[in-house]
Amino acid sequence: MKSPLRWLSTERDHAPHIDRTDGYLPLARYGALGDGRSIALSGADGSIDWWCVPNMDSLPLFDRLLDAQCGGSFVIQPVDAFEIERHYLPDSNVLETVFTTQAGRAKVTESLNSGTAGRLPWAELARRVDGLEGTLEFHVTMKPGRRGGTVNPYHSTIGAHTVFHVHDVLGLFLHSPGVECRWSDEGVTGTFRISAGERKTLAIVAGSDEPLVAPAIEEIDQRIDVSHREWTAWANQVTYTGHNRDTFLRSALALKLLVYSPTGAIAAAGTTSVPEKIGGNKNYDYRYAWVRDAGYTIKAFLTAGLEAEAKAAFTWLLKQLRRHGSRVVYSLKGEIVPQTSEWQMPGYRGSAPVITGNVASFQHQHGIYGDIFETASCFVGKGNILDSQSARLLSDIADECADRWRMPDAGMWELEESQHYTMSKISCWQALARAVDLAEQGQLPTTCSERWARERDRIKQWIEDECWSESEQAFVMYPGSDKLDASIALAVRFGFDGREKLEKTIAALDRKLGAGDFHYRYTGMDKEEGCFLACSFWIIEALVDFGRREEAQARFDRITQGLAHGHGILAEMVDPRDCSFLGNLPQGLSHLAQLMTIAVLDDQSACEG
């Protein structure tokens, strides 16, 4: 059932009316904050419902996103009914919300703070409230989560401060004078009034198993502005100048939130277990670094002119390949991702399970070969040079691909059934094609390049012979199947031979997997999940390559409009009936696909397949 929330969104918020459903806010109503180490999700009604401390893959301090009744949150909300206007500050990940009631208006500016020298050595979540008109009364709640009943938060007095404890997390709740607070082991409740021209700042400073700094609230308030300047300084480094620069830059800023600065790793998303269908059980933990996402992100950063981020991410990727071999996914610190375990929590809108870990860590996917070599090709294509150790590593991986391509794998979609997935074979072709090119450029040893070329050609012939379906007029998901797979649209980007058949395949994907301008991942998924945003962007890319630029731009514009009810971050999927968001967020692959589609539409791609 829907609970009556006391707020309406304005036209600027892109929706006429939104309530929480059984305590859960629509996913599109969240904005994301980040500091290079973690991500917080701030709801449009003033409630921060997700924040893992100190890292993205740490256990959550606030988890109302997955447990509306018992989950933790940090709420600053007008007592009276309100409307909102909401946006990020220009070229920044600092978020601003204006609340309007019959009594007046107030602005909330919020940030996961950084300092002038970069990321702070502690986590600092700051929320500044400025009175604009009249006088508003706000209520405040800061309630740490119980992590599915595995911990019981409590508070204590240490020196001059009241401190909250959540297992290994130690935190301070700080605020300006005039905020009346009541402490209990459950957290903090309070109220304050603010009139035009007045300012109140509320903040949380937290850390895990480490001494805690207790900064003055005035310093924290100043760091909101410092953080904004740091974000705009970073955004000013983006050299992209295309027609869709504003959308490109907003997506680039969302991607930057997913970069784990201590190592250079790139998280696939900022959350775990947000469902791909309401009431379904396809819930996964995406707070880890996939080779695929790392590769695509490096290409996106190169397109944006962000050489430092691209180099850091590529160095991180090569380091993990040397340490652990050709795995699908790594932790943000470069370790092996654990098997899944479940928390006793209801999940978003009752969609269990809630999990940590990921089974993909123990799968093999041929797609990693193509992703690794596409990344290397783009990196050197920008005038960079591979060192000898990296060149030897890549040569060994090319040999591994040449040996293993005939084996079945889990495929791009990490399926339980091992098969000879067409897209996996295309990825092997892509890897060996790029390896041959790199060898010809002098970037890799040429000892095995002739063998790589022969295997590349064998793969192409195998795909032509085994994966084309005359009845479907398409490359099918795997030999002998009538299923279609939208990821095959990427073959166009990769430069796979067979243009006529690929164009027919794209038409079949539209017919069989399309839902308006959106697309399901593969045959049968319309019954299990929403439409996968990246797939629709990949298909638009392919249309541009086929010379159908006007059609592609029109589709892109319609999709962009369909997603405009969000706050600048994208989820993994949408329900095509109403464009409501589904799946983990911010979802790196969605933003990556959007970025690269913009670059292709503007003819500014960093490197071509």
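Since we're looking at a predicted model, the values are computed, not measured. (Residues numbered from 1 in each chain as written. Predicted model: local features only at pLDDT ≥ 70, side-chain atom pairs only at ≥ 80, totals over all residues. Heavy atoms only, no water.)

Draft legend 1. Focus on the overall build of the chain. A tally of regular secondary structure across the chain gives 13 helices and 31 strands. Relative to the 2.2 N^0.38 estimate, which gives 25 Å for 609 residues, the radius of gyration of the chain is 24 Å and therefore close to what a compact globule would have. Each of the three principal axes of the chain carries a C-alpha extent, and together these read 75 × 45 × 45 Å. Going through the 609 residues of the chain one by one, you find that 64% of them count as buried. Sequence separation of at least 24 residues holds for 66% of the intrachain contacts in the chain that already meet a minimum separation of 6. Of the roughly 21,900 Å² that the chain leaves accessible, carbon and sulfur atoms contribute 47%. Of note, the chain has its 62 positive side-chain charges centred 1 Å away from the centre of its 82 negative side-chain charges. (Helix = DSSP H or I, 4+ residues; strand = E, 2+ residues; numbered from the N terminus. Rg over C-alpha atoms; globule rule 2.2 N^0.38 Å. Buried < 20%, exposed > 50% of the residue type's maximum accessible area, 1.4 Å probe, protein only. Contact = heavy atoms within 4.5 Å. Areas by Shrake-Rupley, 256 points an atom, 1.4 Å probe, with all protein chains shown as cover. Lys, Arg positive; Asp, Glu negative; His and termini not counted. Charge placed at Lys NZ, Arg CZ, Asp CG, Glu CD.)

Draft legend 2. Representation of helix 1 (residues 217-235). For helix 1, with 19 residues, the first-to-last C-alpha span of 27 Å sits near the 27 Å given by 1.5 Å per residue. Taken together, the buried positions of helix 1 are Ile217, Ile220, Asp221, Arg223, Ile224, Val226, Ser227, Trp231, Thr232, Trp234 and Ala235. (Expected span 1.5 Å × (residues − 1).)

Draft legend 3. Examining the pairing of strand 16 (residues 180-184) more closely. Across five bridges, the pairing between strand 16 and strand 17 (residues 187-195) is antiparallel. Bridge assignment links Cys181 to a residue of strand 17, and that residue is Gly190. As consecutive antiparallel partners, strand 16 and strand 17 are separated by two residues. (Pairing = 2+ DSSP bridges.)

Draft legend 4. Region of the structure containing helix 5 (residues 367-381). Given a rise of 1.5 Å per residue, 15 residues ought to cover 21 Å, and the 21 Å separating the end C-alpha atoms of helix 5 matches this to within 8%. Burial analysis of helix 5 places 14 of its 15 residues in the buried class, which makes it a mostly covered element. Directly after helix 5, the chain includes Gly383, whose backbone phi takes a positive value near 95 degrees.

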